[in-house]
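Observations on chain architecture
The residues making up each chain are set out below.
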Amino acid sequence: MIVRRGVSRPSIVDCPLLNVEYNMRTAHRTHTFTESVIREMTRVANQHGAINLAQGFPDFAAPELLKEAAVEAIRADINQYAITWGTPRLRNALAEKYRRFYSMEVDTEREIVVTCGATEAMASAMLALVDPGEEIIIYEPFYENYGPDSILCGAKPVFVPTRADGGPDLDATAVAFSERTRGIIINTPNNPTGHVFARDELETIARLCIEHDAIAFTDEIYEHILYEGEHVPMAALDGMRERTVTVSGASKTFSITGWRIGTIVAPPTLTDAIKKTHDFLTVGAPAPLQEAVAAGIEGLDASYYSELADDYRRRRDVMYDGLSAAGFSCRPPAGSYYILADFSSLSDLPDDEFAVWLAREHGVASVPGSSFYSDPADGRTQVRFAFCKSLGTLERAAERLAGLGARGRSGGAT
Ligand code: GLN
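All residue numbers here refer to positions counted from 1 along the written sequence of the relevant chain. Residues qualify for local features only when their pLDDT is at least 70, as the model is predicted, and side-chain atom pairs are given and counted only at 80 or more; totals for whole chains, interfaces and linings, by contrast, use all residues. Calculation of side-chain values draws on the structure's entire complement of heavy atoms; hydrogens and water are dropped beforehand.

With that out of the way, let us pick up the nonpolar core. To qualify as a nonpolar core, a set must consist of buried Ala, Val, Leu, Ile, Met, Phe, Trp, Tyr and Cys residues joined through side-chain atoms within 4.5 Å. The classification of residues rests on relative accessible area computed with a 1.4 Å probe and restricted to protein chains. Under 20% of the type maximum is buried, over 50% is exposed, and intermediate values are partly exposed. One finds Phe217, Val245, Phe254, Val293, Phe328, Phe385 and Leu401 to be the most contacted residues of the largest nonpolar core, which totals 101 residues. Numbering of helices and strands runs from the N terminus; a helix is a DSSP stretch of H or I covering at least four residues, while a strand is a stretch of E covering at least two. With seven residues, the single largest contributor to this core is helix 10 (residues 302–326). Core analysis: the second largest hydrophobic core is formed by 20 residues, Ile186, Ala216, Leu237 and Met240 among them.

This part covers the packing of aromatic side chains. Pairing of aromatic rings covers Phe, Tyr and Trp, the last counted by its six-membered ring, and requires centre-to-centre distances within 6.5 Å; plane angles under 30 degrees mean stacked, over 60 mean edge-to-face, and any other angle means tilted. Evaluated as defined, the whole model comprises 18 aromatic pairs. With 6.2 Å between their ring centres and 75 degrees between their planes, Phe328 and Phe354 make a pair best called edge-to-face. One end of the pair, Phe328, is in the loop between helix 10 and strand 9 (338–342); the other, Phe354, is in helix 11 (residues 351–362), and 26 residues separate them in sequence. For the pair Phe328 and Phe354, one class covers both residues: buried.

Any residue with at least one heavy atom within 4 Å of a molecule or strand is counted as near it. Close contacts around the ligand come from Ile38, Arg39, Gln55, Gly56, Tyr143, Asn191, Tyr222, Lys252, Tyr338 and Arg384, and that covers them all. Arg39 places a side-chain nitrogen or oxygen 2.9 Å from an oxygen atom of the ligand. In protein, a polar contact means a hydrogen-donor-capable atom and an acceptor-capable atom, both N or O and within 3.5 Å, with residues adjacent in sequence counting only if both atoms are side-chain atoms; elsewhere, any N or O pair within 3.5 Å suffices. Between the ligand and Tyr143, the relevant distance is 3.5 Å, taken from a nitrogen atom to a side-chain nitrogen or oxygen of the residue. In these tables, accessible area is a Shrake-Rupley quantity obtained with a 1.4 Å probe, and a residue counts as shielded only by the protein chains included in the view. Burial of the ligand by the surrounding chains reaches 88%, relative to a free accessible area of 290 Å². Under the scheme applied, nonpolar residues are Ala, Val, Leu, Ile, Met, Phe, Trp, Tyr, Cys and Pro; charged residues are Asp, Glu, Lys and Arg; polar residues are all the others, including Gly. Looking at the shell around the ligand residue by residue, the classes come out as four nonpolar, three polar and three charged.

Let us now look at a nonpolar patch on the surface. A patch consists of residues exposed above 30% relative accessible area that lack any salt bridge, with like charges linked at up to 9 Å and nonpolar side chains (Val, Leu, Ile, Met, Phe, Trp, Tyr) linked at up to 5 Å. Basic side-chain nitrogens of Lys or Arg form a salt bridge, by our definition, when they fall within 4 Å of a carboxyl oxygen of Asp or Glu. On the surface, Leu127, Leu152 and Leu281 cluster together into a nonpolar patch covering about 250 Å² of accessible area. Tracing the backbone through its elements, the reader meets Leu281 in helix 8 (residues 268–282).

Turning our attention to the sheet that holds strand 9. The criterion for strand pairing is that DSSP finds at least two bridges linking the strands in question. Within the open sheet, the three strands sit side by side as 9-12-11. Their pairing is antiparallel. Looking at the sheet topology across the chains shown, the edges are occupied by strand 9 and strand 11 (367–368).

What follows concerns the pairing of strand 8 (residues 262–265). Burial of the side chains of strand 8 extends over both faces: Gly262 and Ile264 are buried on one face and Thr263 and Val265 on the other. Sheet analysis places strand 2 (residues 112–115) next to strand 8, joined by four bridges and oriented antiparallel. What sits directly across from Val113, in strand 8, is Ile264. With four bridges connecting them, strand 7 (residues 244–249) and strand 8 associate as antiparallel partners. Within strand 8, the residue paired with Thr246 across the bridge is Val265.

To locate leftover empty space, one rolls a probe as large as a water molecule over the atoms. The distinction between a cavity and a pocket rests on a 1 Å grid over the protein atoms alone: a 1.4 Å probe fits inside a cavity but cannot get out, while a pocket stays open yet meets protein on both sides within 12 Å along at least five of seven lines, and a residue with an atom within 4 Å of a point counts as lining. Grid points are joined across faces, edges and corners, and a volume is the space filled by probe spheres set on the points. Under the counting rule described, the total for this entry stands at three cavities of 30 Å³ or more. A volume near 110 Å³ is recorded for the largest cavity. Lining the largest cavity are 14 residues, and of these Leu94, Lys97, Gly249, Ala250 and Ile297 lie nearest its centre. For the lining of the largest cavity, the elements supplying multiple residues, two or more each, are helix 3 (88–102), strand 7 and helix 9 (287–299). For the lining of the largest cavity, the residue count by class is eight nonpolar, four polar and two charged. The volume enclosed by the second largest cavity comes to roughly 60 Å³. Lining the second largest cavity are Ile138, Tyr139, Pro141, Phe142, Tyr143, Tyr146, Ile185, Ile186, Asn187, Asn190, Asn191 and Phe197. Contributing elements (two or more residues each) for the lining of the second largest cavity: strand 3 (135–140) and strand 5 (181–187). With three residues, strand 5 is the largest single contributor of residues to the lining of the second largest cavity. Of the residues assigned to the lining of the second largest cavity, the class counts are nine nonpolar, three polar and no charged.

Written out as structure tokens, the structure is:
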């Protein structure tokens, strides 16, 4: 009998053929965090045939130009390993993009690492730059990867609250910095709050980084999904270029989350170390898809990026109106494609039970709020909805949610 890990069974299982014990010990570091709740909710959505507003991936097509370029690259037999830190064409295209959008000068040979998604970018960067015992400051609510990222490099996450409007509590940030601080993670536009860090907020954090000789790890994967304000890369601020690891990628900008193309821009002293962790973890990102992303960056002009934001603004409005009409309490995000919504006027269930109930009974999957907080109690009345879906999908979700209020608070107790 084969016993899968994670399934509750007797602790030791005899296999008559192989005579081995299947219940092998696992490393301690994996015991301190759970599997991704976001990805788990995709499984729940599939199980109940629910509209998946849990995991943030688009249900609409990628730009033709990228798809054609990917096909062409495979037809041209670009099938083997690329240079581990990225194909020259993609690194050149990226450097040109950072110059065009943010007036940042980037050395294509020494300051770019192309990774398997922003997820690997964050993990590789932290593994390369953070020593066990050092502290990493993380704003909460936070994207769930940052906790495990810290734990995997032996660091101690130090959580700092955000204000009710999603902005950082700067006084608490100043208190959190100490001689043990190695870095701070800044995700702007933010998942899950939708906050877009303002220039003056970033300047205050920058001063603290400089004062404490800390690194800013910025996750800017939603940089082009912006409804209000401007996207300010931390690296563009005075004194921050040499201490910022700028993470981004193609997943959200080109609606290709499954291609796994992420990017890091950082000064050479930092990339020299990051290249090593990245190389030994993955060797490199998919070569033909790097060519296609380069073609996208080269070939799509400013109108592509403004249409992307306009399309997302329409999706945001449908989602926000739908949630408000259904009785959720939430704010329209300034960027990214999530709404963190409070459901306490609709149900007394805790967030995880509410999310499963909502998927099962109303056919809309969300992510339990507790997965974005260090203390699950802080997210007990919240769920997160991702609106990176076609307008038709969002309108259907809004219709399904419209019945919620009518069932009253007891509706959740099935
Ligand atoms: N960033 C997306 C989210 O928060 C997708 C996460 C993932 O599964 N990599 O839902």
